[in-house]
Amino acid sequence: MQKAILEPAQNIPVVEEADVIVVGGGPAGIAAAVTARRSGAKKVVLLERYGHLGGMATGGIVVLIPHLSTGSQIEQAGMNVEWLERLAKKPGGVIGTSKEDVGSSKPELINLWKKYFSFVWADLICYGAYVDPEILKIVLNEMVEEANVDVYLHSWGCRALVKDDEVTGVVFESKEGRKAVLGKIVIDCTGDGDIFASAGAAFDLDPNKDIRNCMMALVYRIGNVDFQAFAEYKSAKPEDWAKKVQKIHEIAGFRTLPFPTPRNDVMWVNNWIPGRDCLKVKDLTAVEFEVRRTALPVIDYLKKEVPGFNESSFLHDTAPQVGTRGSRRLKGEYKVIYDDIKQTKKHDDVISVVPAIDLSVSKSATHIPYRALVPEKINNLLVAGRCFSSDVEANNWTNLIPHCITLGQAAGAAAAIALDSNVQPRKVDIKALQKTLRSQGVYLP
Ligand SMILES: Cc1cc2nc3c(=O)[nH]c(=O)nc-3n(C[C@H](O)[C@H](O)[C@H](O)COP(=O)(O)OP(=O)(O)OC[C@H]3O[C@@H](n4cnc5c(N)ncnc54)[C@H](O)[C@@H]3O)c2cc1C
């Protein structure tokens, strides 16, 4: 048996009493906290373990927000559109297709955007963007400040306080030691389900499958490049590029590919590392070392062999947050399964419409039902973001940044309605929730 010590009991100061506590300030958490306030919750506390907001979209340097539309319909709307419109007002904040061009088949637009991965879908312009992570951090700060969310950065949510299967608050750890926030409703947006797991909610976990959302990463960026030259080379010589991609994978030891950013002179490098468990410190540490060990040899090869990179291209930065694509997934009142995606299943309690991404998987959008955010048993608790209730294959197609934003928006609105009508989140009036979401620009059929 592993050696153990008994931690002495201690009094934990209660620093806040909130209507809603959101743990995790990533895409889902920002949407949940801001929407809870905008929908009427009086005091909303947001706990985030790092020093910035945005989760993978900023700290993870995951700068692509793709596939917001099918045909001419923007299905991932609401706060997604708000993010992109706010970013567009800041110099260098975003590059992407415009709302007005969604669904267009004009050759000049198709030719312009097909250089960028994922902006042309079924020969039509798709709504999406590459964002600057530093500008996004600023935009998200502005959004939570305007909404009067009480933000605690550098505050790591360690466990839920639970009494008789009802969550009553969250204990968090910071430089000030261990403290507690009490709350009427807690929304777990940690991505990893840290809070629902500690509350005793049931969950699924598949760290070792050979599938995108079971692979970890450490993203980095390369500066002093010429993306347009790279894109022209790729489209002129796809076979040559395919051979070089193989060589890059060999050098890195795992799949590694460069992508655009809002700047022509900076590219981000995505990677896919199998066989690592994002809930194990040893594996998290190993990923940080594996990528940093191989980044310079990869860049050296790109500089010598690939048009668009040159002698003075350099390692711009590595992401401050290790990349976790999938982790614990709640067992909720409804579990979205892969067959739902393939059969484009519809639900009366739909709160997010996820566009089809791969035509070989499904031809049209899938509904995410509100029940996928509600734990089977524990009360006063909602879950949003990539850890929502889904099987691993379904989660792979429904856990992208825009999807997490719409799930967060739904959870925030539901929490405010539950408080206002004095019911448990699982008893929220679905029609009232859908009406609130529509009034906030969310697309629902
Ligand atoms: C390398 C990589 C590439 C990807 N590529 C794309 C892509 O191109 N496009 C796309 O749309 N999606 C992509 N994804 C997926 C997408 O980034 C995530 O699914 C999405 O960001 C999940 O949002 P979230 O809010 O659920 O979780 P996260 O973005 O993980 O945010 C969770 C937040 O909670 C905080 N947190 C965690 N635990 C605690 C705790 N205990 N206490 C306090 N705070 C905590 C974290 O610091 C973080 O801020 C990619 C993911 C990775 C890793």
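Position numbers for residues count from 1 along each chain, tracking the sequence in the order it is written. It should be noted that, the model being predicted, local features are given only for residues of pLDDT at least 70 and side-chain atom pairs only at 80 or more, the latter also being counted only at that level, while totals for whole chains, interfaces and linings use all residues. Calculated side-chain values reflect all of the structure's heavy atoms, with hydrogen atoms and water omitted.

As recorded in an unreviewed UniProt entry, the protein chain goes by FAD dependent oxidoreductase and comes from Sporomusa malonica.

**Observations concerning the overall build of the protein chain**
Numbering of helices and strands runs from the N terminus; a helix is a DSSP stretch of H or I covering at least four residues, while a strand is a stretch of E covering at least two. Of regular secondary structure, the protein chain possesses 12 helices and 24 strands. Scaling as 2.2 N^0.38, a compact globule of 445 residues should have a C-alpha radius of gyration of about 22 Å, and the protein chain matches this with 22 Å. Reported as C-alpha extents along the three principal axes, the dimensions of the protein chain are approximately 65 × 55 × 40 Å. The buried label goes to any residue with under 20% of its type's maximum accessible area, the exposed label to any with over 50%, and the partly exposed label to all in between, with areas taken from a 1.4 Å probe on protein chains only. Every one of the 445 residues in the protein chain was classed for burial, and the buried ones make up 58%. Residues are treated as being in contact if the distance between any of their heavy atoms lies within 4.5 Å. Restricting the contact set of the protein chain to residue pairs at least 6 apart, pairs at least 24 apart contribute 72%. Taken as a whole, the protein chain presents about 18800 Å² of accessible surface, with 51% of it coming from carbon and sulfur. All radius of gyration figures rest on C-alpha atoms, and the globule criterion is 2.2 Å times the number of residues raised to 0.38. Here the Shrake-Rupley method, with its probe set to 1.4 Å, supplies the accessible areas, and only the displayed protein chains count as covering residues.

**Remarks on the packing of aromatic side chains**
Centre distance within 6.5 Å is the pairing criterion for rings of Phe, Tyr and Trp, where only the six-membered ring of Trp is used; planes under 30 degrees apart are then read as stacked, over 60 as edge-to-face, and the remainder as tilted. Scanning the model with the defined rule gives 15 aromatic pairs in all. Ring plane angle 70 degrees and centroid distance 5.6 Å describe the contact between tryptophan 113 and phenylalanine 119, whose orientation is recorded as edge-to-face. Looking at tryptophan 113, the relative accessible area reads 9%, which means it is buried. Plain terms: the ring middles of phenylalanine 230 and tryptophan 241 are 5.1 Å apart, the flat faces sit at 85 degrees to each other, and that makes the pair edge-to-face. In this pair, phenylalanine 230 is assigned in helix 6 (residues 227-236) and tryptophan 241 in helix 7 (residues 238-252), connecting sequence segments 11 residues apart. Among the residues examined, phenylalanine 230 registers a relative accessible area of 0% and is labelled buried. The rings of Trp113, Tyr116, Phe119, Tyr130, Phe227, Phe230, Tyr233, Trp241 and Phe309 are connected pair by pair, giving a single aromatic cluster. One Lys or Arg, arginine 49, reaches over the ring of tryptophan 156 and ends 4.9 Å from the middle of that ring. Any Lys NZ or Arg CZ that is within 6 Å of a ring centre and within 35 degrees of that ring's normal is treated as a charge sitting over the ring. Over the aromatic face of phenylalanine 203 sits the side chain of arginine 328, whose NZ or CZ is 5.4 Å from the ring centroid.

**Remarks on the sheet that holds strand 6 (residues 94-96)**
Strand pairing is defined by DSSP finding a minimum of two bridges between the two strands. Reading across from one edge, 3-9-6 is the order of the three strands in this open sheet, with antiparallel pairing throughout. In this open sheet, the two strands that pair with only one neighbour each are strand 3 (64-65) and strand 6.

**A short note on the pairing of strand 16 (residues 220-223)**
Across the two faces of strand 16 the burial is the same, with Tyr220 and Ile222 and Arg221 and Gly223 all buried. With four bridges connecting them, strand 16 and strand 18 (residues 266-272) associate as antiparallel partners. Residue pairing across strands places tyrosine 220 opposite valine 269, the latter belonging to strand 18. By the bridge criterion, four bridges tie strand 16 to strand 19 (residues 314-318) in an arrangement that is antiparallel. Within strand 19, the position partnered with arginine 221 by the bridge is aspartate 317.

**A look at the domain arrangement of the protein chain**
Here the protein chain is partitioned into domain 1 (15-209 + 327-439) and domain 2 (217-324). As annotated, the domain borders come from an automatic or database domain assignment. For domain 1 versus domain 2, the distance between C-alpha centres works out to 27 Å. Across the contact, 29 residues belong to domain 1 and 23 residues belong to domain 2. When the two sides are added together, the surface that domain 1 and domain 2 hide from each other amounts to roughly 2100 Å², 64% of it contributed by carbon and sulfur. Buried area counts how much accessible surface, traced with a 1.4 Å probe, disappears from two parts once they are put together, with both parts' losses summed. Contact with domain 2 buries area across many residues of domain 1, yet Met56, Ile61 and Lys115 alone supply 27% of it, more than any other trio.

**Observations regarding the site of the ligand**
Note on terminology: near, applied to a residue and a molecule or strand, indicates that one of the residue's heavy atoms is within 4 Å of it. Neighbouring the ligand are 36 residues; Glu48, Arg49, Leu64, Asn399 and Ile401 lie closest to it. As used in this structure description, the phrase polar contact means that two N or O atoms lie within 3.5 Å; if the pair is within protein, one of them must be able to donate a hydrogen and the other to accept it, and residues adjacent in sequence are counted only when both atoms belong to side chains. The contact in question runs from an oxygen atom of the ligand to an N or O atom on the side chain of arginine 386, over 2.9 Å. In isolation the ligand exposes 1000 Å². Once the protein is present, 98% of that is buried. Counting only elements with at least two residues in the shell around the ligand, the list comes to helix 1 (27-38), strand 11 (156-163), strand 20 (323-324) and helix 11 (401-421). By residue number, the principal contributor to the shell around the ligand is helix 11, which donates three residues. Following the grouping adopted for this structure description, the nonpolar residues are Ala, Val, Leu, Ile, Met, Phe, Trp, Tyr, Cys and Pro, the charged ones are Asp, Glu, Lys and Arg, and the polar ones are all others, Gly among them. Taken together, the residues of the shell around the ligand sort by class into 17 nonpolar, 14 polar and five charged. Two domains each put at least three residues into the shell around the ligand: domain 1 (15-209 + 327-439) and domain 2 (217-324).

**A word on the pairing of strand 12 (residues 166-174)**
Across seven bridges, the pairing between strand 11 and strand 12 is antiparallel. Across the sheet, arginine 159 pairs through a bridge with valine 171, a residue of strand 12. Turn length for the strand 11-strand 12 hairpin, with the two strands adjacent in sequence and antiparallel, is two residues, and the turn residue aspartate 164 shows positive phi of about 50 degrees. Here strand 12 pairs with strand 13 (residues 177-188) via six bridges, running antiparallel. When the sheet's bridge partners are listed, glutamate 173 is paired in strand 13 with arginine 178.

**Quick word on the packing of helix 1 against helix 2 (residues 79-88)**
At their nearest, the axes of helix 1 and helix 2 sit 11 Å apart, and the two run at 105 degrees to each other. Between helix 1 and helix 2, the angle falls in the class roughly perpendicular. Contacts from Pro27, Ala31, Val34, Thr35 and Arg38 in helix 1 reach Met79, Glu82, Trp83 and Arg86 in helix 2. When its residues are assigned to classes, the contact of helix 1 with helix 2 shows five nonpolar, one polar and three charged. Axes here refer to lines fitted to C-alpha atoms; in helices the fit is confined to the stretch in contact. Angles between the N-to-C directions go from 0 to 180 degrees. Working rule for angles: under 35 degrees goes down as roughly parallel, over 145 as roughly antiparallel, 65 to 115 as roughly perpendicular, anything else as oblique.

**Quick notes on helix 6**
Looking at helix 6, one finds that the buried residues are Phe227, Phe230, Ala231 and Tyr233. Considered in projection along helix 6, the buried side chains sweep an arc of 160 degrees and stay on one side of the axis. Exposed positions of helix 6 whose direction lies more than 90 degrees from the buried face are Ser235 and Ala236. Its buried side turned inward, helix 6 meets helix 7, strand 17 (255-260) and strand 18. Of all possible arcs, the one meant is that of the directions from the helix axis to the C-beta atoms.

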